[in-house]
Amino acid sequence: LMEAYNAMRQYDKALEYAQKAVKAKVYTVGDASHAYKGVISAMSRLQMPSQNIFAALDEAMEIFPEDAFFVIEKGHVFYVSKEYLLAAECFEKALLLYRQQQAKSNNGECIVDDVVSLLPLLYGELAAIYMLQGQKQHALDLTLQGMQIYKYNGLLVQNLYKLLADKPVVEIIQVFEC
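Criteria and thresholds
- All residue numbers here refer to positions counted from 1 along the written sequence of the relevant chain.
- Where totals are concerned, whole chains, interfaces and linings use all residues; where local detail is concerned, this predicted model gives features only for residues with pLDDT of at least 70, and gives and counts side-chain atom pairs only at 80 or more.
- Remark: hydrogens and water are excluded; side-chain values derive from all non-hydrogen atoms of the structure.
- Secondary structure elements follow DSSP: runs of H or I of four or more residues count as helices, runs of E of two or more count as strands, with numbering from the N terminus.
- Exposure classes here rest on a 1.4 Å probe applied to the protein chains alone. A residue is buried below 20% of its type maximum, exposed above 50%, and partly exposed in between.
- Whether two residues are in contact is decided by their heavy atoms: any pair within 4.5 Å suffices.
- Working convention for charge: Lys and Arg count positive, Asp and Glu count negative, and His plus the chain ends are omitted.
- Working definition for charges: the position is that of NZ of Lys, CZ of Arg, CG of Asp or CD of Glu.
- Take the number of residues in a helix, subtract one, and multiply by 1.5 Å to get its expected span.

Draft legend 1. Region of interest: the overall build of the protein chain. On a plain count of helices and strands, the protein chain comes out with 10 helices and zero strands. Each helix (α) and strand (β) of the protein chain, taken in turn from the N terminus, gives the series α-α-α-α-α-α-α-α-α-α. Each of the three principal axes of the protein chain carries a C-alpha extent, and together these read 60 × 40 × 30 Å. Looking at the protein chain as a whole, 40% of its 178 residues are labelled buried. Restricting the contact set of the protein chain to residue pairs at least 6 apart, pairs at least 24 apart contribute 52%. Put simply, the protein chain has 16 plus and 21 minus side-chain charges, and the middle of one group is 5 Å from the middle of the other.

Draft legend 2. Inspection of helix 3 (residues 34–45) at higher detail. The end-to-end C-alpha separation of helix 3 is 16 Å, in line with the 16 Å expected for 12 residues at 1.5 Å each. When helix 3 is considered as a whole, its buried residues turn out to be Ala-35, Tyr-36, Lys-37, Gly-38, Val-39, Ile-40, Ala-42 and Met-43. Summarising the contacts, the buried residues of helix 3 are in contact with helix 1 (2–7), helix 2 (11–23), helix 4 (50–63) and helix 5 (68–80). Just downstream of helix 3 lies Gln-47, where phi reads positive at about 55°.

Interpretation note: all reported values are geometric properties and have no functional meaning in isolation.
Listed below in C-alpha cells is the structure:
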C-alpha cells in the first residue's frame, strides 16, 4: 500500500504504511531497506521538520550502514538547510559507499542499485558546495561526472553554466573535448 499511496501522491498515507512496514519488520526481497526508503521519501515530500527526517535517517543508517541512499538523503537535508560542510561530508561518504557497492557488483555480487538515480542530485549539490568554496575545477569535474549519468539535470546544467560563463570559447570546447 505504501507504493500505491506514493504513486497517488498521498504521502501521508504512504508514510503511515511505510512506518507500519518498518515496525513490523517487513522486508522486500532484494532490498531489505525499501520500507525505510519509503519513510524517508514520504517525510521529505511532506516537508516534515529536518530533525524528524534526521532521526529516521539515523535509524536507517544504523541498520543499513553500507547503503549510500540514506547518506545521500542526509546530505540533501543538510544542503537544503544550508549546512554545506555537513552536506559535503555526507556526499563524499556516499560516493565512497557507492564505489564500494559498485566494486561488489563488478565482482559478481547481486546488488540493488537504487542509488544511481540520486547521483545527479549528489553531484550537483556537491559541485555547488565546491563552487561556494572557490574550488571551481573540482566543481566542474563533479558536474561533468553527474552529467555523464543524466545530462538534463537542472542543477548540473546551472552549475556548468556558472562554471563556464566567464571562460573563453576555446576553453569551453576543451571541456567538451570537441
